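Remarks on the overall topology
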Amino acid sequence: ENELRGKVVWVTGASSGIGEELAYQLSKIGALLAISARREDEISGLSEKDILVLRLDLTDRSSHEAATNSVLKHFGKIDVLVNNGGRSQRSLFVDTNLDVYSAIMELNYLGTISLTKHVLNHMIQRKKGKVVTVSSVMGIMGAPLASGYCASKHALQGFFNSLRTELTDYPEISIINICPGPVQSKIIQNVFTENLAKSIENSGDQSHKMPTNRCVRLTLVSAANDLKEAWISDHPYLAVCYLWQYAPTWAWWLMNRMGKRRIQNFKSGVDADASYSRKKK
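Everything numeric here is computed off the predicted structure, so don't read it as measured data.

Comments concerning the confidence of the model for the protein chain
- Across the protein chain, the average pLDDT comes to 91, with 92% of residues at or above 70.
- Segment residues 277–281: pLDDT under 50, and 2 contacts once partners within four positions in sequence are set aside and those in other chains are kept.

Given below as structure tokens:
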């Protein structure tokens with residue numbers, strides 16, 4: 001609370017899920033908020049004078065400089081950028097059109113680094129700031145039904161880990177990667193499928209996932225303490241992250257087994273990330 005109170009924080013993808021909860025918790029802390037989403041009418045519940053609601057389409061890269069200038073004009077500075085905007089995926093590669101992969105990379109990767117570029121120029125002038133990017137445990141591992149999403153998050157991990165090394169002359173600019181596991185949010189309702197015109201038919205039960213408010217609380221703790229990377233997940237997903245990091249051969253074997261269950265879950269109409277330890281009735 002002491003670290004973020006009074007700071008200007010710009011949150012993208014703020015209309016639902018993690019982004020919406022970030023806005024509420026930051027508001028309670030006393031941060032000055034700029035909140036953005038592609039559909040401005042979906043951002044609700046926050047209308048204080050210290051909150052700027054700004055429509056932003058991450059895929060419209062030509063608008064990012066003007067959007068950044070709007071935030072700077074309103075608040076005079078940007079202390080923290082939270083790159084939260086993006087979409088997940090639920091489809092097998094053999095069934096998926098290539099234009100879906102192009103759209104995923106355009107939104108999750110290129111849109112994110114484009115906005116970061118404009119905000120970072122301001123932070124370099126001030127010689128301080130935080131860039132917090134909501135990546136995913138999928139940026140650490142691979143998983144079926146999300147090959148394009150995994151690719152975009154791996155790209156973000158590589159980009160921001162490289163960017164951090166380019167900023168060693170600016171020790172007060174922090175590059176922070178947040179890697180959530182499955183979280184209760186609307187991310188599943190908005191996923192990419194095998195073609196751009198199709199939405200997912202059944203998002204399934206989400207109750208087995210980490211509550212959004214806990215994920216956001218841990219995200220803010222990580223940001224306040226300048227952690228370079230934070231894995232935020234329940235088991236067994238967190239344990240799998242450690243396997244991918246320290247015992248990749250075992251991780252590949254385990255993911256082959258878990259991956260089959262994930263695909264079966266998806267094809268049977270339940271959530272792909274439904275508990276792998278749940279016994280069959």
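Quick word on the environment of L254
- Here L254 shows up in helix α7 (residues 248–267).
- In the structure, L254 is positioned 109 residues away from L145 in sequence and 16 Å away in space, judged by C-alpha atoms.
- When near neighbours in sequence (up to four residues on either side) are disregarded, L254 contacts V240 and L243.

Digging into the state of the cysteines
- Per the counting criterion, the structure on display carries 0 disulfides.
- The structure places no disulfide on C150, whose sulfur is separated from the nearest cysteine sulfur, that of C241, by 11 Å.
- Free cysteine C215: the closest other cysteine sulfur is in C179, separated by 11 Å.
- Owing to a relative accessible area of 0%, C215 belongs among the buried residues under this scheme.

Concerning empty space enclosed by the protein
- The full count for this structure, using the stated rule, is 3 cavities of 30 Å³ or more.
- A volume near 60 Å³ is recorded for the largest cavity.
- In terms of lining residues, the largest cavity is bounded by L4, V9, L22, L26, V80, V82, V132, T219, L220 and A223.
- If you list the elements that add at least two residues to the lining of the largest cavity, you get α1 (17–29), β4 (80–83) and α5 (212–224).

Some remarks on α1
- Helix length check: α1 (13 residues) gives 19 Å between terminal C-alpha atoms against 18 Å at 1.5 Å per residue, within 8%.
- Among the residues of α1, those classed as buried are G17, I18, G19, L22, A23, Q25, L26 and I29.
- Structurally, α1 contributes buried residues whose contacts are with β1 (8–11), β2 (32–37), β4, β6 (173–180) and α5.

Procedures and definitions
Residues numbered from 1 in each chain as written. Predicted model: local features only at pLDDT ≥ 70, side-chain atom pairs only at ≥ 80, totals over all residues. Heavy atoms only, no water. pLDDT = per-residue confidence, 0-100. Contact = heavy atoms within 4.5 Å. Helix = DSSP H or I, 4+ residues; strand = E, 2+ residues; numbered from the N terminus. Disulfide = S-S within 2.5 Å. Buried < 20%, exposed > 50% of the residue type's maximum accessible area, 1.4 Å probe, protein only. 1 Å grid on protein atoms, 1.4 Å probe; cavity = no way out; pocket = protein on both sides within 12 Å on 5 of 7 lines; lining within 4 Å. Points joined across faces, edges and corners; volume = space filled by probe spheres on them. Expected span 1.5 Å × (residues − 1).

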